[in-house]
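Examining the three-dimensional arrangement
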Amino acid sequence: MVTIDDFQKLDIRVGKILEVHDFPEARKPAYKLVIDLGNEIGIKKSSAQITENYTKETLVNTLVLCVVNFPPRKIGPFVSEVLTLGVPDNNNAVILVRPERTVPLGGKLY
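Okay, so let's go over this structure. Note that the coordinates shown come from a computational prediction; the quantities given were computed from them, not determined experimentally.

1. Some points on the overall build of the protein
- A count of helices and strands for the protein gives 3 helices and 9 strands.
- In sequence order, the secondary structure elements of the protein are arranged as α-β-β-α-β-α-β-β-β-β-β-β.
- Compactness check: the protein gives a C-alpha radius of gyration of 14 Å against a globular reference of 13 Å for 110 residues, within 12% of the reference.
- Considered along the principal axes of its C-alpha atoms, the protein spans approximately 40 × 30 × 30 Å.
- Classification of the 110 residues of the protein by burial places 35% in the buried group.
- At a minimum sequence separation of 6, the contacts of the protein that also span at least 24 residues come to 58%.

In structure tokens form, the structure reads like this:
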């Protein structure tokens, strides 16, 4: 079990996907995302294995939730700066965790 203090150590923020690029070097199909996380955090990059349920075109301007306080992670030649959150669908493909309404960028999950 974790405590509420453990949960509060995670910094999960709302971001908007600005750009989506193919990531052919990834071992599993993935996109490279450029995400605006508001004035405090800024623009960050993320790799996400979301190609089964999303096209590049449908992802642009989508709001997503990201963990912003994990250390950067090198994925092949790419450095992922934030973890874009998702949950598995019935086929174990990723469905993004997103706010149901438009909210300010950088808003913190609590």
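Let's pick the thread back up.
2. A few points about the pairing of strand E1 (residues 12–22)
- Of the pairings in the sheet, the one linking E1 to strand E4 (residues 63–67) comprises 5 bridges and is antiparallel in character. In the strand pairing of E4, Lys-16 is matched with Leu-63.
- In terms of strand pairing, E1 meets strand E2 (residues 31–36) through 6 bridges, oriented antiparallel. Within E2, the residue paired with Lys-16 across the bridge is Asp-36.

3. Thoughts on the pattern of salt bridges
- Evaluation of the coordinates by the stated rule reveals 5 salt bridges.
- With a shortest N-O distance of 2.5 Å, Asp-11 and Arg-13 are connected by a salt bridge. Judged on exposure class, the residue Asp-11 and its partner Arg-13 are both buried.
- In the salt-bridge network here, residues are joined through shared partners; they are Asp-11, Arg-13 and Glu-40.

4. Observations regarding unusual backbone geometry
- Even without a glycine there, the phi angle at Asn-61 is positive, about 75 degrees.
- Within the secondary structure layout, Asn-61 lies in the loop between helix H3 (56–59) and E4.
- Of note, the phi angle at Asn-92 is positive, near 70 degrees, even though the residue is not glycine.
- Among the secondary structure elements, Asn-92 is positioned in the loop between strand E8 (86–88) and strand E9 (94–96).
- For Asn-92, a relative accessible area of 63% puts it in the exposed group.

5. Here's the deal with the side chain of Ser-80
- The residue Ser-80 is located in strand E6 (residues 78–80) in this model.
- From its side chain, Ser-80 meets the backbone nitrogen of Ser-47 in a polar contact 3.1 Å long.
- From its side chain, Ser-80 meets the backbone oxygen of Val-82 in a polar contact 3.3 Å long.
- Non-local contacts of Ser-80, meaning those with residues more than four positions away in its chain, are made with Lys-45, Ser-46, Ser-47, Pro-72, Arg-73 and Ile-75.

6. Some thoughts on the sheet that holds strand E7 (residues 83–84)
- Within the open sheet, the 5 strands sit side by side as E3-E2-E1-E4-E7. Their pairing is antiparallel. The open sheet has two edge strands with one neighbour each: strand E3 (43–48) and E7.
- Both E4 and E7 contribute to a ladder of 2 bridges, which runs antiparallel. Opposite Val-67, over in E7, you have Leu-83 as the bridge partner.

Conventions used here
The residue count restarts for each chain, going from 1 along the sequence in the order it is written. Local features in a predicted model are, by the rule used here, given only for residues with pLDDT of at least 70; side-chain atom pairs are given and counted only at 80 or more, and totals for whole chains, interfaces and linings are based on all residues. Think of the side-chain values as coming from all heavy atoms in the structure, minus any hydrogens and water. Note on conventions: DSSP H or I runs of at least 4 residues are helices, E runs of at least 2 residues are strands, and numbering of each starts at the N terminus. Using C-alpha atoms as the atom set, the radius of gyration is obtained and then compared with a globule rule of 2.2 Å times the number of residues to the power 0.38. Between buried and exposed lies partly exposed: a residue is buried under 20% and exposed over 50% of the maximum accessible area for its type, with that area taken using a 1.4 Å probe on protein chains only. For this analysis, residues touch if any pair of their heavy atoms sits within 4.5 Å. Strand pairing requires that DSSP identify at least two bridges connecting the strands. Any Lys or Arg side-chain nitrogen located within 4 Å of an Asp or Glu carboxyl oxygen qualifies as a salt bridge. We call two N or O atoms a polar contact when they sit within 3.5 Å, provided that within protein one can donate a hydrogen and the other can accept it, with sequence-adjacent residues counted only if both atoms are side-chain atoms.

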